[in-house]
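Each chain is listed here by its residues.
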Amino acid sequence: MAENIAHDRRAMIDYRDVPSVLILADSEAGAERARHSAEKAGCRVSGAACPEAWIERLDRQAGVDAVVVEIDRHHGAMLECLLERLD
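Rules used in this analysis
- Residues numbered from 1 in each chain as written.
- Predicted model: local features only at pLDDT ≥ 70, side-chain atom pairs only at ≥ 80, totals over all residues.
- Heavy atoms only, no water.
- Helix = DSSP H or I, 4+ residues; strand = E, 2+ residues; numbered from the N terminus.
- Expected span 1.5 Å × (residues − 1).
- Buried < 20%, exposed > 50% of the residue type's maximum accessible area, 1.4 Å probe, protein only.
- Arc of directions from axis to C-beta.
- Salt bridge = Lys/Arg side-chain N within 4 Å of Asp/Glu carboxyl O.
- Pairing = 2+ DSSP bridges.
- Axes fitted to C-alpha atoms, helices over the stretch in contact; angles between N-to-C directions.
- Contact = heavy atoms within 4.5 Å.

K.L.:
Even after reading the chapter, I still don't get helix α2 (residues 28-40), so can you show me in this structure?
P.N.:
Spacing of three or four residues puts side chains on the same side of an α-helix, whose turn is 3.6 residues. With 13 residues, α2 ought to run about 18 Å at 1.5 Å a step, and its terminal C-alpha atoms sit 18 Å apart, in line with that. If you check which residues of α2 are buried, you get G30, A31, A34, R35 and A38. Down the axis of α2, the smallest arc covering the buried residues is 135°, so these residues share one side. Directly beyond the C-terminal end of α2, a positive phi value near 80° is found at G42.

K.L.:
When you look at the pattern of salt bridges in this model, what are you seeing that I'm missing?
P.N.:
Summed over all chains, the structure comprises seven salt bridges. Of the charged contacts, one joins R73 and D26 as a salt bridge, the two residues approaching to 3.5 Å between their closest N and O atoms. In this pair, R73 is assigned in the loop between β3 (66-70) and α4 (76-86) and D26 in the loop between β1 (20-25) and α2, connecting sequence segments 47 residues apart. For R73, a relative accessible area of 45% puts it in the partly exposed group. Overlapping salt bridges bring together E32, R35 and E39 as one network.

K.L.:
It is not clear to me how the sheet that holds strand β2 (residues 44-49) should be interpreted in this structure. Could you clarify?
P.N.:
Paired through their backbone hydrogen bonds, the strands of a sheet run either parallel or antiparallel. Reading across from one edge, β2-β1-β3 is the order of the three strands in this open sheet, with parallel pairing throughout. Two strands close off the open sheet at either side, each with one partner strand: β2 and β3. On average, each strand axis in the sheet is tilted by 25° relative to the strand beside it, whichever way the strands run. As judged from the five bridges shared by β1 and β2, these two strands associate in the parallel manner. Bridge pairing links L24 to A49 in β2. Sitting on the sheet, α2 touches β1, β2 and β3, and the angle it makes with β1 is about 165°.

Dropping the structure here:
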């Protein structure tokens, strides 16, 4: 699953001058739902990451207008760490 999100995130990147969204999802379906929601809201997707790369991806993000977290299950300490970092 992680490999598919990694591949899909490159295809999802958009460089228009509109609000940007970073997607953090734990499934391909979740990443697609978030991408679709961002597009419907007129935003561009600046990147996406799977659970194993959430924190590292946030550390690399230069700037973003919003972060969409789309999860289908609890990830224990990893999710708690992400929520702390986002706060």
